[in-house]
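# Structural description and commentary
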Protein chains: 2
Amino acid sequence: MNATSTDTPQAAPSLAPLVALLATDMEQVNARIIARMASDVPLVPELAGHLIAAGGKRLRPLLTLAGAGLAGGSPHAIGLATAVEFIHSATLLHDDVIDESKLRRGRDTANALWGNDASVLVGDFLFARAFELMVETGNLSVLGQLSRASAQITEGEIKQMTIAGVPDTPAEDYLDVIRNKTAILFAAAAASGAEVAKASRPIIEAAHAYGLQLGMAFQIMDDAMDYSLSSDDMGKNSGDDFLDQKITLPLIIAYGDGTDTERQFWQRTVGDGAFADGDFETACAILQRYDAIDRSVAKAVHYADAAETALARIADQNSANPALLDALSEAAKFAAHRQI
Amino acid sequence: MNATSTDTPQAAPSLAPLVALLATDMEQVNARIIARMASDVPLVPELAGHLIAAGGKRLRPLLTLAGAGLAGGSPHAIGLATAVEFIHSATLLHDDVIDESKLRRGRDTANALWGNDASVLVGDFLFARAFELMVETGNLSVLGQLSRASAQITEGEIKQMTIAGVPDTPAEDYLDVIRNKTAILFAAAAASGAEVAKASRPIIEAAHAYGLQLGMAFQIMDDAMDYSLSSDDMGKNSGDDFLDQKITLPLIIAYGDGTDTERQFWQRTVGDGAFADGDFETACAILQRYDAIDRSVAKAVHYADAAETALARIADQNSANPALLDALSEAAKFAAHRQI
């Protein structure tokens, strides 16, 4: 199945136009990231550098820069984008402690190399440093938005923990988890960028809506890809969520439609954590039976479409930067299109 | 030995006058703490409540209230004091993950009851909520001071981790660790209270100096008390630091003056972590031999005296609240006086 929202044959959508438009700013963000990881305590730049050098899409700081770009840019956008990436990096370090995932983005996780203690503390350092960077923008509203987002991220992660191992979790609870743990930071990243560039209230709100819907689409796709048997280009281990007893949309769909025997399988595996060889392959086969991956992708497409609707509201208000709006539109298509 | 800085017989100094003066404000802080731990995710108030209900001296919010009181108070002092306590509580939750200490303040630690995951995440929640509370004060300078302090706390804890198990650590490195991990937050608590109440710059700086010196005295005494064979009223387990291979002042003093045989003992125990029955008693006996506890207390007295010097600078500028200044002076004496 083609996961785009249109059926016209076309080149696969990508982040490339957005990345290209913001390349100069992102170079400054990367330099600022290195500069602000500096510490007299050598472990801090070492561990933080390991995480940040591992790369990743840097989608959140891109959204901050794009949000600022919608309103003509701001000298504070670089620092704010750096802060947003630090918040995200802090949550990744703390996730490693929680998931004990041995591989992230194709490299050993920081906690596998340095231990839980270092991951917790360097995460805390990056989080505190993010707030220092935000203070430097001089914008209390931005600080309020990102501190609220940070609290919501942790609420999302805690709720995710409490639904782990519960295969009959309602889809609404799953959507609530990913809204908090992922989408809110996408939203705050874009909106705070617009805000620091003194965008009008409707533009700030539309940027927030765009980021929120984009974040939902991305997380749903990420979770669906975790049930892909082929390796993916994210370096993330397929099947991690299954073995971590994480409850995500494909499983919720298949459980909802499943037979008693299949439900017993889900209960034994993601429910009780009693895994046997071949269980992941069985899980993938059951998901296939209910079209659960494609149905998850359809949900991601729904959110990506909503992100584009929010963009249209920005275009109505402000057509000053059509190339940026086009690039953001393609980013929304990309979010729900990545190959499974 | 009597650990006060004077030799005149007198009632043991205590925190009671400070607590009494600020009792009404502290009731409001306690109410605000409960109110701002609210979350739709039930585990958050449950776990945070466990930690905060456990009590403790609430010294940091007291310092914030006192700092504000030096300049006639502020309607933002309650929220700011709540934020300061949340930052401290977040570091305690994360310390539990790091130390894996099974008992804190005489109760089971949160992570022994709920697991590392919950401790990391609820700590993050409290930290983010602290920043929300600070944003509500509308004071960017206070936000800058406390975000910088938060980064320094983690740098102190990381450095503490890197000197763990290294018995020939210089005393300067230990003092640097406790300045960052403990004293800086005492300083920022007092100074930000003064700042939010619009105190003059010299008063804010003197409040910072008072808090810093008081924090040094408290931490040195806490560390010295960990080598007390008798139980203490903090509910902290005697000997925890020794078993955690933490390097503190009494050990640094005894190692510095020790014989080769004693140094081999320190290396085997706190150095290599190869503990045997009776080692803690042996450690205490060696410390006794070099008067290492009393010499540590003398160092705490030195810092407590410096705290009083800073207070005198406040009294020179502002004698509007002599009862508060007296209570802060007694708190400094208390810091270096607690019975070993």
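The following paragraphs examine the structure supplied in this document.

Overlaying chain A with chain B gives an RMSD of 0.0 Å, the required rotation being 180° about an axis along which the chain moves by 0.0 Å. Taken together, the turn and the small shift mark the pair as related by a two-fold rotation axis. Of all interface residues in chain A, 100% are interface residues in chain B too; the two copies therefore contact each other through one and the same surface.

Time to look at the environment of Ala323 of chain A. One can find Ala323 of chain A in helix α16 (residues 322-335). A relative accessible area of 41% means that Ala323 of chain A is categorised as partly exposed.

Another point: the interface of chain A and chain B. Interfaces are frequently sized by the accessible area removed from exposure as the parts join. With 38 residues of chain A in contact, the opposing surface of chain B contributes 38 residues. Roughly 3,300 Å² is buried in total at the junction of chain A and chain B, and carbon and sulfur atoms are behind 79% of that figure. On the chain A side of the contact with chain B, Leu121, Leu140 and Ile158 of chain A bury the most area, a combined 18% of that side's loss. Across the contact surface, chain A and chain B share 0 salt bridges. Those elements that place two or more of their residues in the side of chain A that touches chain B are α3 (43-53), α5 (77-99), α7 (116-136) and α8 (140-163) of chain A. In terms of residue class, the side of chain A that touches chain B is built from 19 nonpolar, 10 polar and 9 charged.

A few words on α16 of chain A. Residue and element names in this part refer to chain A. End to end, α16 covers 20 Å across 14 residues, agreeing with the expected 20 Å (1.5 Å per residue, within 8%). Turning to α16, its buried residues number three or more, namely Leu324, Leu325, Ala327, Leu328, Ser329, Ala331, Ala332, Phe334 and Ala335. Where α16 is buried, its residues touch α1 (16-21), α4 (59-69), α10 (201-225) and α15 (292-317).

With that out of the way, let us pick up the packing of aromatic side chains. Aromatic ring pairs are defined here through the distance separating the ring centres and the angle between the ring planes. Under the criterion given, the structure shown has 22 aromatic pairs over all chains. Judged by centre distance (6.0 Å) and plane angle (35°), the ring pair of Phe186 of chain B and Phe218 of chain B falls under tilted. Taken together, the residues span a long stretch of sequence, with Phe186 of chain B in helix α9 (residues 171-196) and Phe218 of chain B in helix α10 (residues 201-225) at a distance of 32 residues. Pairwise contacts between aromatic rings join Tyr227, Phe242, Phe265, Trp266, Phe275 and Phe280 of chain A into one cluster.

So, on to the side chain of Arg129 of chain B. Positionally, Arg129 of chain B belongs in helix α7 (residues 116-137). The class for Arg129 of chain B is buried, based on a relative accessible area of 11%. Within the local environment of Arg129 of chain B, its side chain forms a polar contact with the backbone oxygen of Arg36 of chain B, the two atoms lying 2.9 Å apart. Those residues in contact with Arg129 of chain B that lie beyond four places of it in its chain are Ala151 of chain A together with Arg36, Ala38 and Phe86 of chain B.

Opposite charge on two side chains lets them pair, provided their charged atoms get close. Residue and element names in this part refer to chain B. In this structure the tally under the stated criterion is 24 salt bridges over all chains. For the salt bridge of Asp176 with Arg179, the shortest nitrogen-to-oxygen distance reads 4.0 Å. Taken together, the positions of Asp176 and Arg179, both in helix α9 and 3 residues apart, correspond to about one turn of that helix. In this structure, Glu308 engages Lys333 in a salt bridge whose closest nitrogen and oxygen atoms are separated by 3.2 Å. With Glu308 in helix α15 (residues 292-317) and Lys333 in helix α16 (residues 322-335), this pair connects stretches of sequence that are 25 residues apart. With a relative accessible area of 21%, Glu308 lands in the partly exposed category. For Lys333, a relative accessible area of 23% translates into the label partly exposed.

Definitions and cut-offs
- Residues numbered from 1 in each chain as written.
- Chains lettered and ligands numbered in written order.
- Predicted model: local features only at pLDDT ≥ 70, side-chain atom pairs only at ≥ 80, totals over all residues.
- Heavy atoms only, no water.
- Least-squares fit on C-alpha atoms with pLDDT ≥ 70 in both.
- Contact = heavy atoms within 4.5 Å.
- Helix = DSSP H or I, 4+ residues; strand = E, 2+ residues; numbered from the N terminus.
- Buried < 20%, exposed > 50% of the residue type's maximum accessible area, 1.4 Å probe, protein only.
- Buried area = accessible area lost by both parts, 1.4 Å probe.
- Salt bridge = Lys/Arg side-chain N within 4 Å of Asp/Glu carboxyl O.
- Nonpolar A, V, L, I, M, F, W, Y, C, P; charged D, E, K, R; others polar.
- Expected span 1.5 Å × (residues − 1).
- Phe/Tyr/Trp six-rings, centres within 6.5 Å; stacked < 30°, edge-to-face > 60°.
- Polar contact = N/O pair within 3.5 Å; in protein donor to acceptor, adjacent residues only side chain to side chain.

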